[in-house]
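Reading the structure
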Amino acid sequence: DSGVTQTPKHLITATGQRVTLRCSPRSGDLSVYWYQQSLDQGLQFLIQYYNGEERAKGNILERFSAQQFPDLHSELNLSSLELGDSALYFCASSVRGSGANVLTFGAGSRLTVL
Amino acid sequence: DAKTTQPNSMESNEEEPVHLPCNHSTISGTDYIHWYRQLPSQGPEYVIHGLTSNVNNRMASLAIAEDRKSSTLILHRATLRDAAVYYCILRDGRRNFGNEKLTFGTGTRLTIIP
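The structure reproduced in this document is the subject of the present report. (Residues numbered from 1 in each chain as written. Chains lettered and ligands numbered in written order. Predicted model: local features only at pLDDT ≥ 70, side-chain atom pairs only at ≥ 80, totals over all residues. Heavy atoms only, no water.)

1. Things to note about the interface of chain A and chain B
How large an interface is tends to be reported as the accessible area lost when its parts come together. If you look at the interface, chain A gives 21 residues, while chain B gives 21 residues. Across the chain A/chain B interface, buried area totals approximately 1900 Å², and carbon plus sulfur atoms make up 54% of it. Along the contact surface separating chain A from chain B lie 0 salt bridges. Our count for the contact surface shared by chain A and chain B stands at 3 residue pairs in polar contact (both at pLDDT 80 or more). At the level of secondary structure, the elements contributing two or more residues to the side of chain A that touches chain B comprise strand S4 (31-37), strand S5 (43-50) and strand S6 (53-57) of chain A. (Contact = heavy atoms within 4.5 Å. Buried area = accessible area lost by both parts, 1.4 Å probe. Salt bridge = Lys/Arg side-chain N within 4 Å of Asp/Glu carboxyl O. Polar contact = N/O pair within 3.5 Å; in protein donor to acceptor, adjacent residues only side chain to side chain. Helix = DSSP H or I, 4+ residues; strand = E, 2+ residues; numbered from the N terminus.)

What follows is the structure in structure tokens.
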């Protein structure tokens, strides 16, 4: 157990639907990062939050949004789902974002869009 | 981001040492060298990191070239559980707003032969 909790572990839904993925960071960590990993792509950075504020954005689609709440948990919302959104979604956390600090990853949420 | 170059794949025999190379010829003076690994169906896992000096921890050793343009991750005695994709990543050590994420390349897929 890494200390980063992601729910749900598995999710199957249909095209056009909307889902929410949840992440609880490791205790004491202020930064949360979201990554997407599909079969034909590597780990793609989506977005980062630090203490409730958006810190950096990667290749996140407009149909996707995220937020970090006062208790530091984060949610990734995926809407108007397409077949290509099927992927593993990982959340990671760190104390702060400097280069010496390490990221701790959760076990991931596997999304299947049918 | 400064880039790293790793072999796509490597094989090693069980219970023998493994040396995983990484080239980073454009590394800057403030870049830390991080190694993560991803076991099958799991989230990435921190292995080790360093700046200039060689580093050891319970998982591995990191040997950094004197000019810092290359590094080697050393697994002293590989087991079947070490079969994973290993990622070498450079991370700016300065607290750089908006540039704190990890950027994953394709990594090296390590296969352990029983």
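2. Re the environment of B:Thr108
All names here are of chain B. Among the structural elements, Thr108 can be located in strand S9 (residues 108-113). Using a relative accessible area of 0% as the deciding quantity, one classes Thr108 as buried. Residues Thr108 and Ser9, 99 residues apart in the sequence, show an inter-C-alpha distance of 4.9 Å. A polar contact of 2.5 Å, which involves the side chain of Thr108, links it to the backbone oxygen of Pro7. (Buried < 20%, exposed > 50% of the residue type's maximum accessible area, 1.4 Å probe, protein only.)

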